[in-house]
Amino acid sequence: MARILITSAIPYINGIKHLGNLVGSQLPADLFARYNRARGHEVMFICATDEHGTPAELAAAKAGKPVAEYCAEMHDVQAEIARGFRLSFDHFGRSSSQRNHHLTQHFAGKLAEAGLIREVEESQIYSIDDGRFLPDRYIEGTCPNCGYGSARGDQCDNCTKQLDPTDLINPHSTISGSTNLEVRSTKHLYLMQRSLRDKLEAWIDSKKDWPILTTSIAKKWLNDGDGLQDRGITRDLHWGIPVKKGDQIWPGMEGKVFYVWFDAPIEYIACTAEWADAQGLPDAAWQRWWRTDMGAADVTYYQFMGKDNVPFHTLSFPATILGSGEPWKLVDYLKSFNYLNYDGGQFSTSRGRGVFMDQALSILPSDYWRWWLLSHAPESADSEFTWENFQVSVNKDLADVLGNLVSRVTKFCVAKFSAHVPSAGEFGEQEARLIEELGQRIKDYSACMESMEVRKASAELRAIWVIGNEYLQAAAPWTVVKTDPERAQAMIRLSLNLIRVYAILSAPFIPDAAAAMMAAMGSDDWTWPDDIAAAMSKLPAGHAFTVPDNLFRKITDEERADWQQRFAGIRT
RNA sequence: GGCGAGGUAGCUCAGUUGGUUAGAGCACACGACUCAUAAUCGUGGGGUCGAGAGUUCAAGUCUCUCUCUCGCCA
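Keep in mind it's a predicted model, so treat the numbers as computed, not measured.

Reading the values: the criteria
- Here, residues in each chain are numbered from 1, in the same order as that chain's written sequence.
- Going through the entries in the order they are written, you letter the chains from A and number the ligands from 1.
- Owing to the predicted nature of the model, reporting of local features is limited to residues with pLDDT of at least 70; listing and counting of side-chain atom pairs is limited to 80 or more, with chain, interface and lining totals taken over all residues.
- To get the side-chain values, all heavy atoms of the structure are used, and hydrogens and water are removed first.
- In plain words, nonpolar cores are sets of buried Ala, Val, Leu, Ile, Met, Phe, Trp, Tyr and Cys residues tied together by side-chain atoms within 4.5 Å.
- Each residue is placed in one exposure class: buried if its accessible area under a 1.4 Å probe, protein chains only, is under 20% of its type's maximum, exposed if it is over 50%, and partly exposed if it falls in between.
- Pairs of residues are marked as contacts when any of their non-hydrogen atoms sit within 4.5 Å.
- Starting at the N terminus, helices and strands are each numbered in turn, a helix being any DSSP run of H or I of at least four residues and a strand any DSSP run of E of at least two.
- In this analysis, the expected span of each helix is defined as 1.5 Å times one less than the number of residues it contains.
- Pairing between strands is defined by DSSP: at least two bridges between the two strands are required.
- Proximity is defined per residue: any heavy atom of the residue falling within 4 Å of a molecule or strand makes that residue near it.
- Any N or O atom pair separated by 3.5 Å or less is treated as a polar contact, with the protein-specific requirement of one donor-capable and one acceptor-capable atom, and with residues adjacent in sequence counted only for side-chain atom pairs.
- The classification used treats Ala, Val, Leu, Ile, Met, Phe, Trp, Tyr, Cys and Pro as nonpolar, Asp, Glu, Lys and Arg as charged, and all other residues, Gly among them, as polar.
- Geometry is summarised by axes, namely lines fitted to C-alpha atoms with helices restricted to the contacting stretch, and by angles between N-to-C directions that run from 0 to 180 degrees.
- Put simply, the grid is 1 Å and covers the protein atoms alone, a cavity is a trapped set of points that fit a 1.4 Å probe, a pocket is an open set with protein on both sides within 12 Å along at least five of seven lines, and lining residues have an atom within 4 Å of a point.
- Grid points are joined across faces, edges and corners, and a volume is the space filled by probe spheres set on the points.
- Here, a salt bridge means any side-chain nitrogen of Lys or Arg that lies within 4 Å of a carboxyl oxygen of Asp or Glu.

## Here's the deal with the nonpolar core
Formed by 163 residues in total, the largest nonpolar core has its most connected members in Trp369, Trp387, Phe390, Leu496, Tyr502 and Phe509. Ignoring anything within four residues of it in the chain, the contact list for Tyr502 reads Leu402, Leu405, Leu438, Ile464, Trp465, Ile467, Gly468 and Met517. Within the second largest apolar cluster, 12 residues are counted, among which are Ala56, Val67, Tyr70 and Trp239.

## Concerning helix α17 (residues 511-520)
The complete set of buried residues in α17 reads Pro511, Ala513, Ala514, Met517, Met518 and Ala520. Of the surrounding secondary structure, the elements contacted by the buried residues of α17 are α1 (19-38), α11 (366-375), α12 (387-416) and α16 (485-506). Backbone geometry just after α17 places Gly522 at a positive phi near 65 degrees.

## Concerning helix α14 (residues 454-475)
With 22 residues, α14 should reach 32 Å at 1.5 Å per residue; the first-to-last C-alpha distance of 32 Å fits that figure. Once α14 ends, the next one or two residues include Ala476, with phi positive near 50 degrees.

## Things to note about the pairing of strand β9 (residues 181-191)
In this structure, strand β4 (residues 117-127) lies alongside β9, joined through 11 bridges in antiparallel fashion. When the bridges of β9 are listed, Glu121 appears paired with Lys187. The sheet contact formed by β9 and strand β10 (residues 231-232) spans 2 bridges and is antiparallel. When the sheet's bridge partners are listed, Tyr190 is paired in β10 with Gly232.

## Side note on the protein's contact with RNA strand B
Surrounding RNA strand B, one finds 31 residues, the nearest of these being Gln346, Ser380, Asn404, Arg408 and Lys411. At 3.4 Å, a backbone N or O of Glu384 approaches a phosphate oxygen of RNA strand B. Note that a sugar or linking oxygen of RNA strand B is positioned 3.3 Å from one of the side-chain N or O atoms of Ser407. Per-element tally for the surface near RNA strand B: the top contributor is α12, with 11 residues. In terms of residue class, the surface near RNA strand B is built from 7 nonpolar, 13 polar and 11 charged.

## Regarding the sheet that holds strand β2 (residues 42-49)
Spatial ordering of the open sheet is given by β3-β2-β1-β15-β16, a layout of 5 strands whose pairing is parallel. Of all strands in the sheet, those bounded by a partner on one side alone are β3 (91-94) and β16 (333-337). Direction aside, the axes of adjacent strands within the sheet are offset by 20 degrees on average. In terms of strand pairing, strand β15 (residues 299-306) meets β16 through 5 bridges, oriented parallel. From the neighbouring strand, Met305 faces β16, where its bridge partner is Ser336. Strands β1 (3-8), β2, β3 and β15 of the sheet are contacted by helix α7 (residues 260-279), whose axis makes an angle of about 115 degrees with β3.

## Quick look at empty space enclosed by the protein
One pass over the full model with this rule turns up 4 cavities of 30 Å³ or more. Roughly 70 Å³ of internal volume is contained in the largest cavity. Counting only elements with at least two residues in the lining of the largest cavity, the list comes to β10, α7 and α9 (310-324). Among the residues forming the lining of the largest cavity, the class breakdown is 7 nonpolar, 4 polar and 1 charged. In terms of lining, the second largest cavity is formed by Pro11, Ile16, Lys17, Gln26, Gln78, Ile81, Ala82, Phe92 and Met357. Of the residues in the lining of the second largest cavity, the class split is 6 nonpolar, 2 polar and 1 charged.

## Overview of the pattern of salt bridges
Inspection of every chain in the model, using the stated rule, returns 35 salt bridges. Its salt-bridge partner being Asp30, residue Arg34 comes within 2.9 Å of it at the nearest N-O pair. Here Asp30 and Arg34 lie together in helix α1, a separation of 4 residues that amounts to about one turn. Between Asp198 and Arg197 there is a salt bridge; the shortest N-O distance is 3.0 Å. Classification of Asp198 by relative accessible area gives exposed; the value is 58%. Here the salt bridges do not stand alone but share partners, grouping Lys110, Glu113, Arg291, Asp293 and Glu326 into one network.

## Some thoughts on the environment of Tyr333
Topologically, Tyr333 is positioned in strand β16. Considering only alpha carbons, one finds Tyr333 and Ser451, 118 residues apart in sequence, at a separation of 10.0 Å.

## What to know about unusual backbone geometry
You will see that Arg86, though not glycine, has its phi angle at about 60 degrees, which is positive. Here Arg86 is to be found in the loop between α3 (67-84) and β3. With phi around 50 degrees, Asn170 is a residue other than glycine that occupies positive phi space. Within the fold, Asn170 resides in strand β8 (residues 169-173).

## Observations regarding the sheet that holds strand β17 (residues 340-342)
With mixed pairing, 3 strands are arranged side by side in an open sheet as β18-β17-β19. The open sheet has two free edges, formed respectively by β18 (345-346) and β19 (383-385), since each of these has just one partner strand.

## Regarding the side chain of Asn338
Residue placement: Asn338 occurs in the loop between β16 and β17. The class for Asn338 is buried, based on a relative accessible area of 7%. Of note is the side chain of Asn338, whose polar atom sits 3.2 Å from the backbone oxygen of Glu379.

## What about the pairing of β4?
In this sheet, strand β5 (residues 132-133) lies alongside β4 in antiparallel orientation, the contact comprising 2 bridges. Bridge pairing in β5 links Ser127 to Arg132. Between the antiparallel neighbours β4 and β5 lie 4 residues, among them Gly131 with a positive phi of about 70 degrees.

## Comments concerning the environment of Phe417
Note on placement: Phe417 falls in the loop between α12 and α13 (429-450). When sequence neighbours within four positions are dropped, the list of residues in contact with Phe417 reads Phe412, Pro422, Val481, Pro485, Ala488, Gln489 and Ile492.

Written out as structure tokens, the structure is:
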């Protein structure tokens, strides 16, 4: 039994994520977690909401709520939707937790001790009425170059000239509109990634089995232009983790918080601590997942994320870990995904284009989405969601191939025999061939799952479903029953057992349908079918089963047309 | 403009280190079957692998140029 730590990139707090976000991290991570649990491994699957930073403050202000309250509410909303998609997190935490406060401050302290933090004095625009500094895009004014009236602090959108906020003529705050501004000096902390560059490169070079997408992005940041740059890890904001050196005051940094990208990945660790707290377990329970000196030496750590997150996970976060000088677990395998496009364009959160997680669940159960998204996961390149493709894939794969198989077997048995596993007859050559092929197919399927080849795994699973139909078609129990009912009974006995095995194999992709299949077979034995022959006799003769309702209904042309129109425009 | 990723059957995509007649699913055509959600199974048609040039005994697979798409950055 292996010990497997899995983290999904943590979704930002300000709103509900779309299907592209889901398929890029949480969903494949869940697939991998479910599979490994099914194989009997010890799994810790962690996700959380990423709650700090200006966008959260602004969203809260827009909603007319204190930011802490807003985040708490949105966390609950996201947690509920995650449950709806059957995302099987061991814990869904919050980056604003006290655990993360302490751990983030701890890491900053260790980095300072190691001489990897430098303090930088900067000039920024301060809004007296807003009571805050105004980072680049929160200040606008007239461009000194072209006279454009809405130039941003960092750049003029009209003439593209790069600006310093202090260059703007008649600047004003984009938050309040106030012109009561002044230049103030402010101090910030920088993580000296440059001095960790060689260490990071050596570490990345040691990862020979990582996807090209992952390593090429990391290499680009290491080598592009002037190479890896030091990174500011503090901000002049109210909402966030107060800057401290461990549990000590950091002189000159009072009132400042850590930058969201510094504390967010640390939440992976903190979230595991939150899990232990929620379970009433001591610190050792989470430390054995993260501290190689406290039992995590045999843990294999997998991260899942969209490609936009790769630089932070290959460079910034490892810099934090390595720089601390403490024996924290580094990622062993980083699985990254490209983007999912929506009907010829991009999903857009701001424009409400595409399908969002809550909307998806409101029109169809999660299994439909899980199956389509995973079987079309953007692994090697960006991929495309269209309603036509969604409709035909789901109808064919789920309703026709799998759902109908369950239906035809159970209904035939009840009609010709009874609602009990038939007892007569022996397995013959056809059954032996099926079992042999199934064994090979399951091996291929497992190999894909272990190497996280999501699309290939889904294709293998589908092929496994198909051989059930092939077998039935060739064996033709509906014909055999007329002349040799005992032989037909053996065929159906095998087929009923096949349904139970399919439930086990399919559960990582479509957990609800799998549960329905298992329940219909009157079993709760989810043991992975390592021994296929034995698994095909698991349901004993005379064992009672039920005919389940159709596992999957078909999506009609009318529905497809309706949804296509509904989700093309603006989210209301 | 710079960088990155791509352009393979009508559609969505596979194609290891260059090596026999380029694959899958869907769609389409025909056939079989009739237990089942008008489901299933079988057979078949269909591609000058974006364009051009080069390296090689041999290129979808390597090199160069061009072109188109998408994303990121400035």
